[in-house]
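What the coordinates show
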Amino acid sequence: MRMLAASLALLAPPALAQTLEPPPPRPVMRPVAAFGADNPQCLEWTDGCVVCKRLDAATAACSTPGVACLPKETSCAKINR
């Protein structure tokens, strides 16, 4: 069995050997609600699944995402001018 495994390893193309490296770490996604704390001028923000609205300086309310929603990068939808 070891002989077979060693033989297969020698016959493997170089591209296969490169795919055995671990993938790069994924970026950490912050909760949508945290976007408001980082962007106090933003009154409403969304990731395409969850919509948050600032109620006052310290409070925000967010919707509940749908089951099959795939979030995107959070962005500001309404800015305080």
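Residues numbered from 1 in each chain as written. Predicted model: local features only at pLDDT ≥ 70, side-chain atom pairs only at ≥ 80, totals over all residues. Heavy atoms only, no water.

Focus on the overall build of the chain
Scanning the chain from terminus to terminus reveals three helices and four strands. Mapped from its N terminus to its C terminus, the chain presents α and β elements in the order α-α-α-β-β-β-β. Counting across all 81 residues of the chain, residues that qualify as buried make up 16%. A separation threshold of at least 6 residues defines the contact pool for the chain, and within that pool the share at least 24 residues apart is 40%. When the accessible surface of the chain is split by element, carbon and sulfur atoms take 64% of a total near 6,900 Å². (Helix = DSSP H or I, 4+ residues; strand = E, 2+ residues; numbered from the N terminus. Buried < 20%, exposed > 50% of the residue type's maximum accessible area, 1.4 Å probe, protein only. Contact = heavy atoms within 4.5 Å. Areas by Shrake-Rupley, 256 points an atom, 1.4 Å probe, with all protein chains shown as cover.)

Concerning the environment of Leu 70
By secondary structure assignment, the location of Leu 70 is in the loop between strand 3 (59–62) and strand 4 (75–79). On the basis of relative accessibility, which here comes to 68%, the residue Leu 70 falls in the exposed class. Sequence separation between Leu 70 and Cys 49 is 21 residues, and the spatial gap between their C-alpha atoms is 7.0 Å.

Topic: the side chain of Thr 46
Relative to the assigned elements, Thr 46 resides in strand 1 (residues 42–46). A distance of 2.9 Å separates a polar side-chain atom of Thr 46 from the backbone nitrogen of Gly 48. If we skip the residues at most four places from it in the chain, Thr 46 touches Val 51, Glu 73, Thr 74 and Ser 75. (Polar contact = N/O pair within 3.5 Å; in protein donor to acceptor, adjacent residues only side chain to side chain.)

Quick notes on the sheet that holds strand 3
If you walk across this open sheet you meet the four strands as 3-2-1-4, and the pairing is antiparallel. Taken across any chain shown, the strands that pair with only one partner, and hence form the sheet edges, are strand 3 and strand 4. The mean angle between the axes of side-by-side strands here comes to 30 degrees, regardless of whether they run parallel or antiparallel. Bridge analysis of strand 1 against strand 4 gives four bridges, and the strand direction is antiparallel. For Trp 45, the partnering residue across the bridge sits in strand 4 and is Cys 76. (Pairing = 2+ DSSP bridges. Axes fitted to C-alpha atoms, helices over the stretch in contact; angles between N-to-C directions.)

Brief notes about the confidence of the model for the chain
Averaged over the chain, the pLDDT score is 82; the fraction of residues at 70 or greater is 77%. Helix 2 (residues 14–18) is the least confidently modelled element of the chain, averaging 56 in pLDDT, while strand 1 averages 96, the highest of any element. (pLDDT = per-residue confidence, 0-100.)

Quick notes on the state of the cysteines
The final tally for this structure, using the stated rule, is three disulfides. At a sulfur-sulfur separation of 2.1 Å, the disulfide partner of Cys 42 is Cys 76. Since a negative S-S torsion denotes a left-handed disulfide, the Cys 42-Cys 76 link at about 110 degrees is right-handed. Note that Cys 42 is positioned in strand 1 and Cys 76 in strand 4, a separation of 34 residues in sequence. (Disulfide = S-S within 2.5 Å.)

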